[in-house]
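# Reading the structure
Single-letter residue listing:
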Amino acid sequence: LILTMKANQKYFPLLDAQGKLTRHFLVVSNIAPDDASAVVQGNERVVRPRLADAKFFYDQDRKKTLAERVPGLAKVVYHGSLGSQGGRAERVRAIAHAIVNQLRTATVPFTVDAKDQFDVLDSKVQQAAQLAKADLLTDMVGEFPELQGIMGGYYARHEGLRDGVAIAIEDHYKPRFAGDSLPRNHTGTVVALADKLETLVGLFGIGQLPTGDKDPFALRRHALGVIRILLEKDLPLALPALIRDAAATFGELITDPSEALLSFMADRLAVSLREQGYSAQEVDAVLALQPERLTEVPRRLAAVRAFVALPEAASLAAANKRVGNILKKADTDVQPVVDAALFREPAEAALYEALQSVAPQAQAAFEQSDYTGSLQALAALKAPVDAFFDGVMVNAEEPALKANRLGLLATLHGAMNRVADLARLAA
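Residues numbered from 1 in each chain as written. Predicted model: local features only at pLDDT ≥ 70, side-chain atom pairs only at ≥ 80, totals over all residues. Heavy atoms only, no water.

### Observations concerning the confidence of the model for the protein
Of the residues in the protein, 99% have a pLDDT of 70 or more, and the chain-wide mean is 92. When the elements of the protein are averaged for pLDDT, helix α1 (residues 2-9) gives the smallest value, 83, and helix α9 (residues 186-205) the largest, 97. (pLDDT = per-residue confidence, 0-100. Helix = DSSP H or I, 4+ residues; strand = E, 2+ residues; numbered from the N terminus.)

In C-alpha cells, the structure reads:
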C-alpha cells in the first residue's frame, strides 16, 4: 500500500505513533483554492483504483502457494551462463545445507538451542531456500520488483508456514544496502549467506568481476553483506570452506573462483575496517595472515592495537621485518630447527633460552584465542633479540653455523607472527 501511494501517485502515506499505516495521506498541490475539498476528493478518487489494483494482485497471488510456483522458476533466466532461477534456487538450497553442517561441526561451538536442534534448523533452511525466489513469479513482484522477498514473506505467513520460515524468506536479501539490518533469525541468516555466496561464486566463476565503478551485479554489496553477516552474527565459519562448498554446487558451469574471490573479499574487508577507524598498518598486519574465520579479525585487531602501545613494540616490529628479509634471502627453505650444541655466541644461546620460555606462553594464549595475551608475551623477547642482532653474524662462513642461526630466526619468526604479521607495523 505504501509503495503504491509513493511510487504511483507521489503521495505521502501517514503512520501512527506505533508505526502502523493509517487511512490518511498527504498530497502536495501547486494551487491554493479557497475550497480544497475538490482537490482532496480528486486525489482520493485517483488513488482508489491504484489501491484496488494492489489488492487484486495480492488476492490473485494467494490463489497459488509458493511451493506451486517453484517449478516455474526453471523457465526464468537468471544468467545466460548460469542457467535459470530454478537452478539458482537449488544451488542456494545446497549451499545453505552445507552452511548448517559447517555450523554443526564448527570447532568453536555454535548454539542453536541445543546441539540436536541442527536438524530442525536444516529443515527450516531447506524449506526457506527452496521458496525464497518463488515470489518472483507473483503479480505483485511483477508490478513492484522492490517487494521481492517481502511479498514472499507475506504469502508464506498467509499459508501458515512454520515459524521462522516466512521471516527467513523476507530477510534473505538482507542486508540490501549499507547500514541495512541483518536477518532476524538463524534460518534467515543461513539462507541470506547462501544466497550471497551463490551470487559471488557464480559470477566470479564465469569471470564477471566488477571493474572500476561498474558493478552491475552489486558484487561489492554482496561481499560486504557476507562480511557483515559473518562478523556481526559471530559465525564460526571458515570463508575458504564456504566458497569451496558453494563452488561445488555449480559443477562444470564455472571455474574455481576461490583465489580471486578471497582476494576481493579481503579488499572489501580492509576498506570496511579502515572505515571503522583501524589504521592501515593494523589492518594489513592482521589480514596478511589471511585468517579463515572473520570472527577472529576484530579480536586480532584489538590485540595488535594493545601491542602497538607497548614500549617494546616498535623495536620488535623492526626486528621482525629484519628477520623476514633475512629468511627471504636465504638460499634454501629455512626450517625452524635449532641445535643448541652449535651455539658459539652467548647472545644466540640467550635468545634460544628466551624463546623456550616465551614461545609456549604465546602459543597457549593463542590457542585460547587470547590474542592480546599472546602478543604481549612477546615483549620479553626485546632484549635478547636486540642483543642477538648486535652480537651475532647470521651469515657465518661455516654452513652448519649459518643454517643453525637461520633456524633460530625461523623459530623466532614463527613465534612472533601467529596473531598478525608484525613486520607490517614497522615504520
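Now that the structure is up, let's keep going.
### A closer look at the layout of surface pockets
Approximately 530 Å³ is the volume attributed to the largest pocket. Around the largest pocket sit 14 residues that line it, and L1, I2, L3, L147 and Y154 are the ones nearest its centre. Contributing elements (two or more residues each) for the lining of the largest pocket: α1, α2 (37-61) and α7 (150-159). Partitioned by chemical class, the residues of the lining of the largest pocket number 12 nonpolar, 1 polar and 1 charged. (1 Å grid on protein atoms, 1.4 Å probe; cavity = no way out; pocket = protein on both sides within 12 Å on 5 of 7 lines; lining within 4 Å. Points joined across faces, edges and corners; volume = space filled by probe spheres on them. Nonpolar A, V, L, I, M, F, W, Y, C, P; charged D, E, K, R; others polar.)

### Some remarks on the pattern of salt bridges
Between side chains of opposite charge, pairing is possible as soon as their charged atoms come close. Under the criterion given, the structure shown has 22 salt bridges. The residue R157 makes a salt bridge to E170 at a minimum N-O spacing of 2.8 Å. Highlighted residues: R157 in helix α7 and E170 in helix α8 (residues 165-171), separated in sequence by 13 residues. Its relative accessible area of 19% is what places E170 among the buried residues. The salt bridge involving R228 is made with E232; its shortest N-O contact spans 2.8 Å. Of this pair, R228 and E232 both sit in helix α10 (residues 219-232), separated by 4 residues, roughly a single helical turn. With a relative accessible area of 22%, R228 lands in the partly exposed category. Through salt bridges with shared partners, a single ionic network connects R88, R91, K133, D195 and E198. (Salt bridge = Lys/Arg side-chain N within 4 Å of Asp/Glu carboxyl O. Buried < 20%, exposed > 50% of the residue type's maximum accessible area, 1.4 Å probe, protein only.)

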